[in-house]
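Summary of structural features
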Amino acid sequence: MFSLGDRSLQRLQGTHPDLIRVVQRAIGLTLVDFTVIQGLRTLAEEQANVASGASTTLHSRHLLNKQGFGCAVDLAAWVDSAVAYSPLQLYDQIVLAMKTAAAAENVPIEAGADWQTFRDYGHFQLPWATYP
Ligand SMILES: [Zn+2]
C-alpha cells in the first residue's frame, strides 16, 4: 500500500478538502503508486499553460473557485522513484483508484482520461455544477 509523500501533500494545499479526501483514499487503493504534480494554480500559471498548449482553457478547475478552493489535481504515475507518463495502462489503474475512492467518499469527480477532445490522463476535477 502506498502513501502520499510530503511533496504531494504540500501540492494539495489550497485544494478543496473533498478532493483531497478522494486523493488520500485513492493512494490507499491504487495498484500503481502516484504523485501529485499540481493542485491549485495561479491565473498567471494557467495563462502560461494555455500559451504552451499544456492547457486549453482559462476556465480551469485548477483556479480558485467561488468558495476559495482549487477544484482539480494532476496526478502522475510514480515508478522506480520517477514520474512516468507512459505506458498509459498505468493511468487506467490510477483512474480506477480515483473513481473507486470518489464513490466511497460520496464525492462526484470527473476524470480527464474520459474526455474525448483533450484527453488529460492524470487530471481529476470536481464538477462545476456541484462545486461552482
Ligand atoms: Zn489538470
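The present account deals with the structure reproduced in this document. The structure presented is a predicted model; accordingly, all values stated were derived computationally and were not measured.

This part is about the nonpolar core. Core analysis: the biggest nonpolar cluster contains 32 residues, and Val23, Phe34, Leu75, Ile94, Met98, Ile109 and Phe124 have the highest contact counts within it. When residues of this core are traced back to their parent elements, those giving at least two are helix 2 (17-29), strand 1 (34-38), strand 2 (72-79) and helix 4 (89-105). Residue contributions to this core peak at eight residues, all from helix 4. Excluding its chain neighbours within four sequence positions, the residues that come into contact with Ile109 are Leu19, Met98, Lys99, Ala102, Phe124, Gln125, Leu126 and Pro127.

Right, let's talk about the coordination of the zinc ion for a bit. The protein atoms donating to the zinc ion are His62 (NE2), Asp74 (OD) and His123 (ND1), with metal-donor distances spanning 2.0 to 2.1 Å. Ordering the donors of the zinc ion by residue number gives the pattern H-x11-D-x48-H. Of this pair, His62 sits in the loop between helix 3 (43-52) and strand 2 while His123 sits in strand 5 (residues 123-125); the two residues are 61 residues apart in sequence, bridging distant segments of the chain. Of the two residues, His62 and His123, neither departs from the other in class, the shared state being buried.

Here we come to the pattern of salt bridges. Pairing between side chains becomes possible if they bear opposite charge and their charged atoms approach one another. Applying the stated rule across the entire model yields six salt bridges. One salt bridge connects Arg21 with Asp18, and the closest N-O pair in it is separated by 3.0 Å. One end of the pair is Arg21 and the other is Asp18, both in helix 2 and three residues apart, which spans about a single turn. Looking at Arg21, the relative accessible area reads 33%, which means it is partly exposed. Judged by its relative accessible area of 18%, Asp18 falls in the buried class.

Let's shift gears to the environment of Asp33. Here Asp33 lies in the loop between helix 2 and strand 1. Residue class for Asp33 comes out buried when judged on its relative accessible area of 15%. Excluding residues that lie within four positions of it along the chain, Asp33 makes contacts with Phe2, Ile27, Ala76, Ala77, Trp78 and Ile94.

Let's shift gears to the environment of Pro127. Position of Pro127 among the secondary structure elements: in the segment after strand 5. The exposure class assigned to Pro127 is buried, which follows from its relative accessible area of 9%. Through-space distance from the C-alpha of Pro127 to that of Gly70 is 12 Å; in sequence the pair is 57 residues apart.

This part covers helix 2. Helix length check: helix 2, at 13 residues, gives a terminal C-alpha distance of 19 Å against a target of 18 Å (1.5 Å per residue), a fit within 8%. Residues Asp18, Leu19, Ile20, Val22, Val23, Ala26 and Ile27 constitute the buried set of helix 2. The elements touched by buried residues of helix 2 are strand 1, strand 2, helix 4 and strand 5.

Cut-off values and rules
- Residues numbered from 1 in each chain as written.
- Predicted model: local features only at pLDDT ≥ 70, side-chain atom pairs only at ≥ 80, totals over all residues.
- Heavy atoms only, no water.
- Core = buried A, V, L, I, M, F, W, Y, C linked by side-chain atoms within 4.5 Å.
- Buried < 20%, exposed > 50% of the residue type's maximum accessible area, 1.4 Å probe, protein only.
- Helix = DSSP H or I, 4+ residues; strand = E, 2+ residues; numbered from the N terminus.
- Contact = heavy atoms within 4.5 Å.
- Donors = N, O, S within 2.8 Å, 3.2 Å for Na, K, Ca; no water.
- Salt bridge = Lys/Arg side-chain N within 4 Å of Asp/Glu carboxyl O.
- Expected span 1.5 Å × (residues − 1).

These figures capture arrangement, not role.
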